[in-house]
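# Geometric and topological summary
One-letter residues, chain by chain:
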Protein chains: 2
Amino acid sequence: MTETPNKRVKTDDAPKYELIYWPGIPGRAEFIRLLFEEAGVAYLDTAKKESEAVSRVTALTAAENKGDKNNAPALACPALKHGDVMLFQTPNILLYLAPKLGLAPAAGNAMYQLNQIVLTILDFLSNEVHDTHHPMGPSATYEDQKPEAKKRAESFKTDRLPKFLAYIQRVLDGEASGEGPWLHGGNFTYADLVLFQGIHGTEFAFPNTMKKMRDSGKYDGVFNLVRAVGDRPNIKEYLTSDRRASYSTGIWRHYPELDEE
Amino acid sequence: MTETPNKRVKTDDAPKYELIYWPGIPGRAEFIRLLFEEAGVAYLDTAKKESEAVSRVTALTAAENKGDKNNAPALACPALKHGDVMLFQTPNILLYLAPKLGLAPAAGNAMYQLNQIVLTILDFLSNEVHDTHHPMGPSATYEDQKPEAKKRAESFKTDRLPKFLAYIQRVLDGEASGEGPWLHGGNFTYADLVLFQGIHGTEFAFPNTMKKMRDSGKYDGVFNLVRAVGDRPNIKEYLTSDRRASYSTGIWRHYPELDEE
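Residues numbered from 1 in each chain as written. Chains lettered and ligands numbered in written order. Predicted model: local features only at pLDDT ≥ 70, side-chain atom pairs only at ≥ 80, totals over all residues. Heavy atoms only, no water.

## Section: the packing of helix α4 (residues 110-133) of chain A against helix α3 (residues 90-100) of chain B
Put simply, the test is: Helix axes are fitted to C-alpha atoms over the stretch in contact, other axes to C-alpha atoms as well, and angles between N-to-C directions run from 0 to 180 degrees. Runs of E in the DSSP output that reach at least two residues are strands. Runs of H or I that reach at least four are helices, and both are numbered from the N terminus. Throughout, the term roughly parallel applies to angles under 35 degrees, roughly antiparallel to angles over 145, roughly perpendicular to angles from 65 to 115, and oblique to all others. In this scheme the handedness of a crossing depends on how the near helix is turned from the far one: anticlockwise by less than a right angle means left-handed, clockwise means right-handed. It only takes one pair of heavy atoms within 4.5 Å for two residues to be counted as in contact. When residue character is reported, Ala, Val, Leu, Ile, Met, Phe, Trp, Tyr, Cys and Pro are called nonpolar, Asp, Glu, Lys and Arg charged, and the others, Gly included, polar.
Here α4 of chain A crosses α3 of chain B at 160°, and the two axes come no closer than 9 Å. When the axes of α4 of chain A and α3 of chain B are compared, the pair comes out roughly antiparallel. The handedness of the crossing between α4 of chain A and α3 of chain B is right-handed. For the pair α4 of chain A and α3 of chain B, contact is made by Met 111, Tyr 112, Asn 115, Gln 116 and Leu 119 of chain A and by Pro 91, Asn 92, Leu 95 and Tyr 96 of chain B, respectively. Class assignment of the residues belonging to the contact of α4 of chain A with α3 of chain B gives a composition of 6 nonpolar, 3 polar and no charged.

Structure follows, in C-alpha cells:
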C-alpha cells in the first residue's frame, strides 16, 4: 500500500486497520472512526480514496464475494480489515476494536455491560433516526415516502427520543456508571464515543427537537457527557479536520419538515 | 426460590439462569430459550410464572430502576439474570451465553464471525419483520397503520427478504462456513439456532411468501440448515412441549393481507 494514511500519527508502517465504507457521508462508519481518532491509531479510510471508494464497497458486498477461509462475506458496510480478519456490522466492529484501542476492558463482564448500551444507542440514534426518513424501508427514496416519514418522525420526536434520553439519563444516575460523566464504571469508553456521535448526528437532523430536549433540563447528564467527549483533544481536533465528512443524505439528514417548528 | 424450573433436566439446585420476558408470546426471548433448550441447561423462565410474569418485566424497565453496583438498568426485555450479572439486548445476551453453553468458541475471532451473522439475522427476521406490521413505530397499533404496513411488507417481501436469504446462502456457499450444513467453521453454533428461529417465525408470519422462497430452489442451503436444526433431539422435543409458546401478537404475526396471495 502506497497511500498516505489519513491520520496525523507518524509511522513508517502502513496502517494495520482498513475501514471500508461509502464516501461522502459520516454514516455508520463514523462510530468506528471516532475510536481510531480518540486512540490516535492510524487507519486507512477507503471512503477518502475517491477513485476506488465506491468500488471497494461494491466488491465487498457483491453476490460473487463469498468471503474467504476465515471470514464470512459482508452483507453491508462498514467493514473492517485487520490482517487476516474481515468483519462487518457496526456494533460487532466496535466490540472487536474497543479493547484493542484501550477503549474497553479486554476481559470480564464490562464488555457485555458496554455492548448492551452501545446496541441501544445504535437502535435509537442510528437505526430509528434512519427510519424517520425511510419508514417504508431503504428500497424507495425519501420523496416516495414523505407522508409516512412525517408520521414516523412524529412518533420518534414525541415517544422514542424522550424514552431513549430518559433511559441514558437513568444509566448515568445509576451506580454502575460510577463517578464522573461517563456511562460505565467511572471510565471513559467507546460507549461514550458512540453516544456522542448519535447525539451529534441527531442534533443535525432534528435541531429544534434536540434543543427542546436539551432545554428541558431532564437529560443534563446526557448533554454533559456529549460536551465532555467533544472537549477531548483528539476528538476536538478531528471534528474540525478535513477527515470529518459533512452530514448529507446518509443516516442523519436534515429535513426541516420532519423537525419541530 | 421454590419454583420448579421449567426444564426437564433433573437437578437439586435452583437454575442458575433467569430469563425475564413478557408472557404469552415467543418474542425475542425465543432466541435465548433455544440456547438453553439445545444445551439442556435449566433456566427459570419468568414468562411462564403467570402471577408475576408481567410485574417482573415492568419492575425491570421502570423509571425508578437504576440498576445496581455492577449492572446498568435495562431499557427493555428480554433480560438475563445470572448470579450478580443482569444483562439485556438479545444479541448481547446470546453473546454472553453461547460460549458458556458450549454453543460458541470461548476465545478467538470466531465470536465476532458469529456475532455479525447473528446481528444480521436479527436485523432482518426480527426487527424488519416487526417493522412490516409496525412501520410507524411501536407507539401505535397495527390497526392505526394498516396502509403503511401494506407498503412496508411489500418492500420486505420483494426486496429485503430475498436480499437476506441470498446473503445467508452466500455465507453457506463460502469457505468459512466449513463442511456440513452450519453457518460457521463446520460446527453447529448458536447462530444456527438464531437462524432457525428467525425463519420459523417468518414462515408463520408470511407462509405464502416463504413457500415461494423455498420453492425457488435458490436458498436450499438455508432451508436445509433450518430442517437440520429442527431435527436435533432437544429442539424437536422442545418444539412440541408446552414450554414453547404459540405465535400471537408479538414480533411474528400472521396478517393474511400482508402476505402473498
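## Here we look at helix α6 (residues 190-205) of chain B
What counts here: A helix's residues, less one, multiplied by 1.5 Å, set its expected span. Here's how the labels work: a residue is buried when its accessible area is under 20% of the maximum for its type, exposed when over 50%, partly exposed in between, all with a 1.4 Å probe on protein chains only.
For α6 of chain B, which comprises 16 residues, the first-to-last C-alpha distance of 23 Å matches the rise-based estimate of 22 Å (1.5 Å per residue) to within 8%. Counting buried residues along α6 of chain B, 13 of its 16 residues qualify, which places the element largely inside the surrounding structure.

## Focus on the environment of Phe 164 of chain B
Residue and element names in this part refer to chain B. Relative to the helices and strands, Phe 164 resides in helix α5 (residues 146-173). Each C-alpha atom, one on Phe 164 and one on Phe 124, is 7.0 Å from the other, the two residues being 40 residues apart in sequence. In this view, Phe 164 contacts Thr 120, Ile 121, Phe 124, Leu 125 and Leu 195; residues no more than four positions away in its chain are not counted.

## Regarding the UniProt feature "domain: GST C-terminal" (unreviewed entry) in chain A
Test applied: UniProt positions are given in the numbering used here, feature names are shortened, and annotations may be inferred rather than shown by experiment.
Under the local residue numbering, the UniProt record ascribes the feature "domain: GST C-terminal" (unreviewed entry) to residues 107-248 of chain A. Along residues 107-248 of chain A one finds 67% helix and 0% strand; the C-alpha atoms at either end are 38 Å apart.

## Comments concerning the interface of chain A and chain B
Quick reminder of the rule: Buried area: the sum, over both parts, of the accessible surface (1.4 Å probe) that disappears when the two are put together. A pair is scored as a salt bridge if a Lys or Arg side-chain nitrogen falls within 4 Å of a carboxyl oxygen belonging to Asp or Glu. Polar contact is defined as a pair of N or O atoms within 3.5 Å, subject to the rule that within protein one atom must be able to donate a hydrogen and the other to accept it, and that residues adjacent in sequence are counted only when both atoms are side-chain atoms.
Listed as interface residues are 57 residues of chain A and, on the opposing side, 57 residues of chain B. Between chain A and chain B, roughly 4,800 Å² of surface is buried when both sides are summed, and carbon and sulfur atoms account for 56% of that area. In this assembly, chain A and chain B are joined by 2 salt bridges. Here Lys 151 of chain A ties to Glu 148 of chain B by a salt bridge, and the two come within 2.9 Å at their closest N and O atoms. For the interface between chain A and chain B, the tally reads 40 residue pairs in polar contact (both at pLDDT 80 or more).

## Observations concerning the packing of aromatic side chains
All names here are of chain A. To be explicit about the condition: Put simply, two rings from Phe, Tyr or Trp (the six-membered ring, in Trp's case) pair if the centres are within 6.5 Å, and we call them stacked under 30 degrees between planes, edge-to-face over 60, tilted for the rest. Should the NZ of a Lys or the CZ of an Arg lie within 6 Å of a ring centre and within 35 degrees of the ring normal, that charge is described as sitting over the ring.
Counting across every chain of the model gives 22 aromatic pairs over all chains. With centroids separated by 4.8 Å and ring planes inclined at 25°, the aromatic side chains of Phe 204 and Tyr 247 adopt a geometry described as stacked. In this pair, Phe 204 sits in helix α6 (residues 190-205) while Tyr 247 sits in the segment after α9 (233-239), placing the two residues 43 residues apart along the sequence. Its relative accessible area of 16% is what places Tyr 247 among the buried residues. Taken together, the ring pairs connect Phe 31, Phe 204, Tyr 247 and Trp 252 into an aromatic cluster. Geometry around Phe 223 places Arg 214 over its ring, the cationic atom sitting 5.8 Å from the centre.

## Description of the sheet that holds strand β4 (residues 85-88) of chain A
Residue and element names in this part refer to chain A. This is how it is decided: For two strands to be treated as a pair, DSSP must find at least two bridges joining them.
With mixed pairing, the 4 strands of this open sheet are ordered in space as β2-β1-β3-β4. Strand pairing shows two members of the sheet lacking a second neighbour, β2 (43-45) and β4, which therefore form its edges. In this sheet, adjacent strand axes meet at a mean angle of 20° when their direction is disregarded. Sitting on the sheet, helix α2 (residues 53-61) is in contact with β1 (17-20), β3 (79-82) and β4, with an inclination near 85° to β1.

## Focus: the pairing of strand β1 (residues 17-20) of chain B
Residue and element names in this part refer to chain B. In β1, alternate side chains face the same way, and those of Tyr 17 and Leu 19 on one face and Glu 18 and Ile 20 on the other are all buried. Pairing analysis gives 3 bridges linking β1 to strand β2 (residues 43-45), with the strands arranged parallel. The residue bridging Glu 18 from the neighbouring strand is Leu 44, located in β2. Judged from the 4 bridges that link them, β1 and strand β3 (residues 79-82) form a sheet pairing that is antiparallel. Paired with Glu 18 across the strands is Lys 81, a residue of β3.

## Remarks on the pattern of salt bridges
All names here are of chain A. Inspection of every chain in the model, using the stated rule, returns 35 salt bridges over all chains. Between Arg 33 and Asp 45 there is a salt bridge; the shortest N-O distance is 2.6 Å. Of this pair, Arg 33 sits in helix α1 (residues 29-39) while Asp 45 sits in strand β2; the two residues are 12 residues apart in sequence, bridging distant segments of the chain. The shortest N-O distance in the salt bridge between Glu 237 and Arg 243 comes to 2.9 Å.

## Observations concerning the UniProt feature "domain: GST N-terminal" (unreviewed entry) in chain A
On the UniProt side, "domain: GST N-terminal" (unreviewed entry) is annotated at positions that read residues 15-105 of chain A here. Helix makes up 34% of residues 15-105 of chain A and strand 16%. Its end C-alpha atoms lie 23 Å apart.

## Considering the side chain of His 133 of chain A
Within the secondary structure, His 133 of chain A is located in helix α4. The contacts of His 133 of chain A, once residues within four sequence positions are left out, are Tyr 142, Gln 145, Ala 149, Gly 250, Ile 251, Arg 253, Tyr 255 and Leu 258 of chain A.

## Considering the sheet that holds β1 of chain B
Picture the strands of a sheet paired through backbone hydrogen bonds; they go either parallel or antiparallel. Residue and element names in this part refer to chain B. Ordered in space as β2-β1-β3-β4, the 4 strands form an open sheet in which the pairing is mixed. A strand with exactly one partner marks an edge of an open sheet, and here the two such strands are β2 and β4 (85-88). Geometrically, the sheet is characterised by an average inter-axis angle of 20° between neighbouring strands, direction not taken into account. Pairing analysis gives 4 bridges linking β3 to β4, with the strands arranged antiparallel. Residue pairing in the sheet places Ala 79 in a bridge with Phe 88 of β4.

## Focus on the packing of α6 of chain B against helix α8 (residues 220-230) of chain B
When two helices pack together, their arrangement is given by the angle between their axes and by how far apart the axes lie. All names here are of chain B. Viewed as axis vectors pointing N to C, α6 and α8 meet at an angle of 105°, and their least axial separation amounts to 9 Å. One element, α6, and the other, α8, form an angle in the roughly perpendicular class. Across the interface between the two elements, Asp 192, Leu 193, Leu 195, Phe 196, Ile 199 and Glu 203 from α6 touch Val 222, Phe 223, Leu 225, Val 226, Val 229 and Gly 230 from α8. Of the residues in the contact of α6 with α8, the class split is 9 nonpolar, 1 polar and 2 charged.

## Brief notes about the nonpolar core
Here is the rule: To form a nonpolar core, buried Ala, Val, Leu, Ile, Met, Phe, Trp, Tyr and Cys residues must be joined to one another through side-chain atoms within 4.5 Å.
If you look at the biggest cluster of nonpolar residues, it comprises 162 residues, and the most contacted ones within it are Tyr 190 of chain A together with Tyr 190 of chain B. Apart from residues lying up to four places away in sequence, Tyr 190 of chain A is in contact with Leu 35, Leu 94, Leu 95, Ala 98, Leu 103, Ala 104, Leu 114, Asn 115 and Val 118 of chain A.

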